Structure formats: C-alpha cells, structure tokens
Amino acid sequence: DLAVIVPSETTWDELEKIVKKGINNNVFNGCEVFDVYQGEHVQEGFKSVAFRIRMQDANSTMTDDAIEAQMANVRATLKKALPDLSFRE
C-alpha cells in the first residue's frame, strides 16, 4: 500500500500509469484506490490518495527485498513525474 498527497486535479488514471512505469511488467498485477481524502490535515488544492499495488512473479516467490526494490522504484518514478507529490506515512 502507498499513500500520496497530490494536486487535486491529478487523476487516478494518471497515477496508475506512472505506477505501471515504475514496476517491472513481469511482476505488476494491478493497482486500485482504496481511499481519497480532502480536508483537515491536507493542504488546500491537494488530496490524499491511498492505493494498493499488487505484485506477483509467475516464476518465483517475491522476497521482501525484491518488493522493496520495486516500491522504491515506484516512489522515485512518482516523484519524478509529479514534483508536487509527497508521501504519507
């Protein structure tokens, strides 16, 4: 799961395309939004979007290190594509 704060006009389609670019095609198994929030504790003009990324390697079991490497790449790809983006813990 990953939660980001993005400008309000950022669409889910845009975020999903960026996430797909950040994960190796052979392990990407989809992603879905489970929460969008605007209001208290989120800067005006921004929204918080939380989503789940599914990864599965058909050839082997994914280790924690392999998953973390993919997630680090997703974070870097998101930040490069959307400089105003910030991550929620």
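Anyway, here's the lowdown on the structure attached to this text. (Residues numbered from 1 in each chain as written. Predicted model: local features only at pLDDT ≥ 70, side-chain atom pairs only at ≥ 80, totals over all residues. Heavy atoms only, no water.)

1. Quick notes on the overall build of the protein chain
Secondary structure assignment for the protein chain yields 2 helices and 4 strands. Going from N to C terminus, the protein chain has its helices and strands arranged as β-α-β-β-α-β. A globule of 89 residues ought to have a C-alpha radius of gyration of about 12 Å, and the protein chain, at 13 Å, matches this closely. Taken over the C-alpha atoms alone, the protein chain extends approximately 45 × 20 × 20 Å along its principal axes. Expressed as a percentage of its 89 residues, the buried residues of the protein chain come to 39%. The long-range share in the protein chain, meaning contacts at least 24 apart out of those at least 6 apart in sequence, stands at 66%. For the protein chain, the centre of its 10 positive side-chain charges and the centre of its 15 negative side-chain charges are spaced 5 Å apart. (Helix = DSSP H or I, 4+ residues; strand = E, 2+ residues; numbered from the N terminus. Rg over C-alpha atoms; globule rule 2.2 N^0.38 Å. Buried < 20%, exposed > 50% of the residue type's maximum accessible area, 1.4 Å probe, protein only. Contact = heavy atoms within 4.5 Å. Lys, Arg positive; Asp, Glu negative; His and termini not counted. Charge placed at Lys NZ, Arg CZ, Asp CG, Glu CD.)

2. Section: the sheet that holds strand S4 (residues 86–88)
Across the sheet, which stays open at both edges, the 4 strands sit in the order S2-S3-S1-S4 with antiparallel pairing between neighbours. At either margin of the open sheet sits one strand with a lone partner, and together these are strand S2 (28–37) and S4. Ignoring which end each strand starts from, the neighbouring axes of this sheet average 35° apart. Alignment of S2 against strand S3 (residues 46–55), held across 7 bridges, turns out to be antiparallel. Paired with Tyr37 across the two strands is Ser48, which belongs to S3. (Pairing = 2+ DSSP bridges. Axes fitted to C-alpha atoms, helices over the stretch in contact; angles between N-to-C directions.)

3. Some remarks on the pattern of salt bridges
It is possible for side chains bearing opposite charge to pair when their charged atoms get close. Applying the stated criterion across every chain yields a total of 3 salt bridges. Asp1 is paired through a salt bridge with Arg52; the nearest N and O atoms lie 2.9 Å apart. Of the two residues, Asp1 sits in the segment before strand S1 (2–7) while Arg52 sits in strand S3, which places them 51 residues apart along the sequence. By relative accessible area, which is 34% here, Arg52 ends up partly exposed. Note that Glu32 and Arg54 form a salt bridge whose closest N and O atoms lie 3.0 Å from each other. Highlighted residues: Glu32 in strand S2 and Arg54 in strand S3, separated in sequence by 22 residues. Given a relative accessible area of 38%, Glu32 falls into the partly exposed group. (Salt bridge = Lys/Arg side-chain N within 4 Å of Asp/Glu carboxyl O.)

4. Considerations on the nonpolar core
In terms of nonpolar packing, the biggest core is built from 20 residues, with Val4, Val19, Ile23, Phe51, Ile53 and Leu78 touching the most fellow members. Residue assignment for this core shows that the elements contributing at least two residues are S1, helix H1 (12–22), S2, S3 and helix H2 (64–81). By residue number, the principal contributor to this core is S3, which donates 4 residues. (Core = buried A, V, L, I, M, F, W, Y, C linked by side-chain atoms within 4.5 Å.)

Honestly, that's just the spatial picture; any functional story needs more than this.
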